[in-house]
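# Architecture at a glance
Next come the chains, spelled out residue by residue.
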Amino acid sequence: MRPAFDPESLPILSADSQRPALSAPRLRPEFIRHRFVSPPAWQPELTDESRVYDRTQTLRDAAVLIPLIQRQDGLTVLLTQRNANLSAHAGQISFPGGRWEPEDGDRIATALRETEEEIGLAREFVEVLGALPDYITGTGFHVSPVVGLVRDGFVLRPDAREVADVFEVPLAFLMDPAHHQVRLFRWVDGERRFYAMPYPTDSGGHRFIWGATAGMLRNLYHLLAA
């Protein structure tokens, strides 16, 4: 088993200064909706952890919702901070979601059900646009990222047992590759590169978005930039 590590303490290898930030028209709901209806040829980036997860584990199916909130000043991405006492991904920033259950018709149903249970976002506020490439985590989850447009007017009721905080980050910030840091963790049996997208807060700190969450956002960038 790989040792635990503090991702924020690892050095930044690089940031992607070669690719441009998405232009304003590509950050609008109508463009994103059309991009999922009629996607161009594009190449997803292998950002997942399939090369480093423990092969003795059985993969567990899961789905998350990438909620794009329609605000007056533009789209934002809703994210959660998981409670520090959870058994998996404790304290990390993630999208709402969770394990597939037999009663779920498909992964979209899983994402919507888990989102409603986790943060209280009712599914009638969500317009499902499509899905990004599946993601395998080092902890053995096979995750389907479902992208949805969320109209304003919803009321959140986070489950305090799972969620420490819910917050939003402007989509424009996350779709600027200059904010996509590459960090490297080495251990005795190998190494792992991962993306991190620290988002500055008004208090002078930051929200440290990394790992699976950052990897999925990286592929959303590739789809919208293609």
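Located above this text is the structure these notes cover.
Residues numbered from 1 in each chain as written. Predicted model: local features only at pLDDT ≥ 70, side-chain atom pairs only at ≥ 80, totals over all residues. Heavy atoms only, no water.

## Describing the pattern of salt bridges
Any two side chains of opposite charge can pair, on the condition that their charged atoms come close. Under the defined criterion, the tally for this structure stands at 13 salt bridges. One salt bridge in this structure joins arginine 218 and aspartate 16, with 2.8 Å as the shortest N-O distance. Of the two residues, arginine 218 is situated in helix α4 (residues 211-225) and aspartate 16 in the loop between β1 (12-15) and α1 (29-37); the sequence distance between them amounts to 202 residues. The buried category is assigned to aspartate 16, whose relative accessible area is 9%. Among the ionic pairs, arginine 123 bridges to glutamate 116, the shortest N-O distance being 3.2 Å. When its relative accessible area of 37% is taken as the criterion, arginine 123 is described as partly exposed. Of the residues examined, glutamate 116 reaches a relative accessible area of 32% and is grouped as partly exposed. (Salt bridge = Lys/Arg side-chain N within 4 Å of Asp/Glu carboxyl O. Helix = DSSP H or I, 4+ residues; strand = E, 2+ residues; numbered from the N terminus. Buried < 20%, exposed > 50% of the residue type's maximum accessible area, 1.4 Å probe, protein only.)

## Considering the nonpolar core
Leu68, Leu171, Leu174, Met175 and Ile209 are the most contacted members of the largest nonpolar core, which totals 37 residues. Elements supplying a minimum of two residues to this core: α1, β2 (60-71), β3 (74-82), β8 (141-150), β9 (163-170), α3 (171-174), β11 (190-200) and α4. Element by element, the count of residues in this core is highest for α4, at seven residues. Filtering out sequence-adjacent residues up to four positions away, leucine 171 remains in contact with Leu27, Ile32, Leu68, Leu75, Thr76, Val77 and Leu220. Membership of the second largest hydrophobic core comes to 16 residues, among which are Leu65, Leu112, Ile119 and Phe154. (Core = buried A, V, L, I, M, F, W, Y, C linked by side-chain atoms within 4.5 Å. Contact = heavy atoms within 4.5 Å.)

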